[in-house]
Amino acid sequence: MHRLLTTLQRGFKERIGWKRLGIAVSLLIIALAISTLVHTLRGVDTGVVLTALTEIPHGRIGLAALCVVCAFCTLTFYDFFALRTIGKKHVPYRIAALSGFTSYSIGHNIGATVFTGGAIRFRIYSDYGLNAVDVAKICFLSGLTFWLGNLFVLGFGMALHPWAASAMDLLPPAMNRLIALGCLAGIATYFVWLMTGKQRRELGQNGWKVLLPSARLTLLQILIGVVDLGFCAMAMFLLMPLQPGIDFVSLAVVFILATLLGFASHAPGSLGVFDAAMLVALPEFSKEQLLATLLTFRVLYFVIPFGIAISIMGTRELWLNVVVPWQQRRRLNEGFPAPAAIPRPVERLEPVKRLKSRG
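Residues numbered from 1 in each chain as written. Predicted model: local features only at pLDDT ≥ 70, side-chain atom pairs only at ≥ 80, totals over all residues. Heavy atoms only, no water.

## Describing the overall build of the protein
Here is step 1 of the chain: Within the protein, the regular secondary structure consists of 14 helices and two strands.
Here is step 2 of the chain: With 359 residues in all, the protein has 41% of them scored as buried.
Here is step 3 of the chain: Counting contacts in the protein only where the partners sit at least 6 residues apart, residues at least 24 apart contribute 69% of the total.
Here is step 4 of the chain: Working note: accessible area of the protein is about 19,900 Å², and carbon and sulfur atoms make up 68% of it. (Helix = DSSP H or I, 4+ residues; strand = E, 2+ residues; numbered from the N terminus. Buried < 20%, exposed > 50% of the residue type's maximum accessible area, 1.4 Å probe, protein only. Contact = heavy atoms within 4.5 Å. Areas by Shrake-Rupley, 256 points an atom, 1.4 Å probe, with all protein chains shown as cover.)

## Some remarks on empty space enclosed by the protein
Here is step 1 of the chain: Tallied over the entire structure, the rule returns one cavity of 30 Å³ or more.
Here is step 2 of the chain: Empty space within the largest cavity amounts to approximately 140 Å³.
Here is step 3 of the chain: Around the largest cavity, the lining comprises 14 residues; the ones closest to its centre are Tyr-104, Phe-255, Thr-259, Phe-263 and Tyr-301.
Here is step 4 of the chain: Listed by contribution, the elements that provide at least two residues to the lining of the largest cavity are α5 (93–110), α10 (215–239), α11 (248–265) and α13 (287–334).
Here is step 5 of the chain: Among the residues forming the lining of the largest cavity, the class breakdown is ten nonpolar, three polar and one charged. (1 Å grid on protein atoms, 1.4 Å probe; cavity = no way out; pocket = protein on both sides within 12 Å on 5 of 7 lines; lining within 4 Å. Points joined across faces, edges and corners; volume = space filled by probe spheres on them. Nonpolar A, V, L, I, M, F, W, Y, C, P; charged D, E, K, R; others polar.)

## Section: the confidence of the model for the protein
Here is step 1 of the chain: Summing up the model confidence of the protein, the mean pLDDT is 81 and the portion of residues at 70 or higher is 79%.
Here is step 2 of the chain: Low pLDDT, under 50, characterises residues 347–359; the predicted model gives this stretch four contacts beyond four residues in sequence or across chains. (pLDDT = per-residue confidence, 0-100.)

## Digging into the environment of Ile-138
Here is step 1 of the chain: Structurally, Ile-138 can be placed in helix α7 (residues 132–160).
Here is step 2 of the chain: With near-sequence residues (within four places) excluded, Ile-138 lies in contact with Asp-79, Ala-82, Leu-83, Ile-86, Arg-121, Tyr-125 and Leu-130.

## So, the nonpolar core
Generally speaking, a soluble globular protein has its nonpolar side chains buried in company with each other.
Here is step 1 of the chain: Core analysis: the biggest nonpolar cluster contains 84 residues, and Tyr-125, Met-236, Met-278 and Phe-297 have the highest contact counts within it.
Here is step 2 of the chain: Apart from residues no more than four positions distant in its own chain, Met-236 is found in contact with Leu-251, Phe-255, Phe-274, Met-278, Thr-293, Leu-294 and Phe-297. (Core = buried A, V, L, I, M, F, W, Y, C linked by side-chain atoms within 4.5 Å.)

## Quick word on unusual backbone geometry
Here is step 1 of the chain: The omega torsion of the bond from Gln-243 to Pro-244 falls at 5 degrees, within 30 degrees of zero and hence cis.
Here is step 2 of the chain: Along the chain, the position of Pro-244 falls in the loop between α10 and α11.
Here is step 3 of the chain: Phi angles above zero are rare outside glycine, and Leu-170 is one such case at about 60 degrees.
Here is step 4 of the chain: A relative accessible area of 70% means that Leu-170 is categorised as exposed.

## Description of the pattern of salt bridges
Here is step 1 of the chain: For the structure on display, the rule yields seven salt bridges.
Here is step 2 of the chain: Among the salt bridges present, the one from Arg-123 reaches Glu-317, with a minimum N-O distance of 3.1 Å. Taken together, the residues Arg-123 in helix α6 (residues 113–125) and Glu-317 in helix α13 connect sequence positions 194 residues apart.
Here is step 3 of the chain: A relative accessible area of 29% means that Arg-123 is categorised as partly exposed.
Here is step 4 of the chain: Between Arg-316 and Asp-127 there is a salt bridge, with its nearest N and O atoms 2.7 Å apart. With Arg-316 in helix α13 and Asp-127 in the loop between α6 and α7, this residue pair connects regions lying 189 residues apart in the sequence.
Here is step 5 of the chain: For Arg-316, a relative accessible area of 15% corresponds to the buried category.
Here is step 6 of the chain: Residue classification places Asp-127 among the buried residues on the basis of a relative accessible area of 5%.
Here is step 7 of the chain: Members of the salt-bridge network, linked through shared partners, are Arg-123, Asp-127, Arg-316 and Glu-317. (Salt bridge = Lys/Arg side-chain N within 4 Å of Asp/Glu carboxyl O.)

See the structure below:
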């Protein structure tokens, strides 16, 4: 039996591999979502959708936009927390906020967030002396914050309202509640594992090692993820039709499940996947009204932040690669010393290293 399993594992790695399997799963999710979306939208009246868009109260749109702003402000602490965890305390908050906002907004809208977001982070953090391994650690810890927050909110929400997920996963409420309790038990087990010792918290080998946050800091890590998700779900809740009505916890469960499906698909902006999941999970609402809600949310949470992030990164690259070199050439032509293009903060040397350097 052991030889059979070993042979199957070797054959899987050689012929398929985890990368190809992940691509296949993503394409399958996208295909199913598009098929579901086309079937669900059959017979939808575009005129009714446009009318529903105008019927959303402007005050609720304003409050939803405020929640989106608060969500992105919370999102900046993903990177800031990760930087402090790996000991890069010389990187200021404003740089962590720039990296967190732009990498998420651009990466999630373009797709393949792991690669696009990582490339943007490396472009920003390399000016502060961080290398590719440091950026990989930041991506890992930021992802851990996201998943811990999702599991906690999803476990709590499905334990209270297990029927909210039944329309999406087609499981009975009792099974959903069992899954929710399993999520919460998994988080509790993770806390116990963290408290067993510092050596247990060190992951990786061969130069790639990351020390996981302590149990106390993990509470803060989960809080960051929960607040971020709470603001996102509240933005969607404010845009929902008033009739027939839905409670916040049930909507949060549906919203998080739809978001996770969107992330798993790696589709640009979770387009089609997130929307199909919301339409399937909330059949009690009019399709036209729910589409109006989804379109408004997509503009607030995806389109506007994406435009701002692109503008920020474009302006930054223009300044560093065009304006600063032009200023340096002008100063040289005028006979003045050229200023440094950009300050590169360097980590403080240890006292022993200082003495050696002086010697």
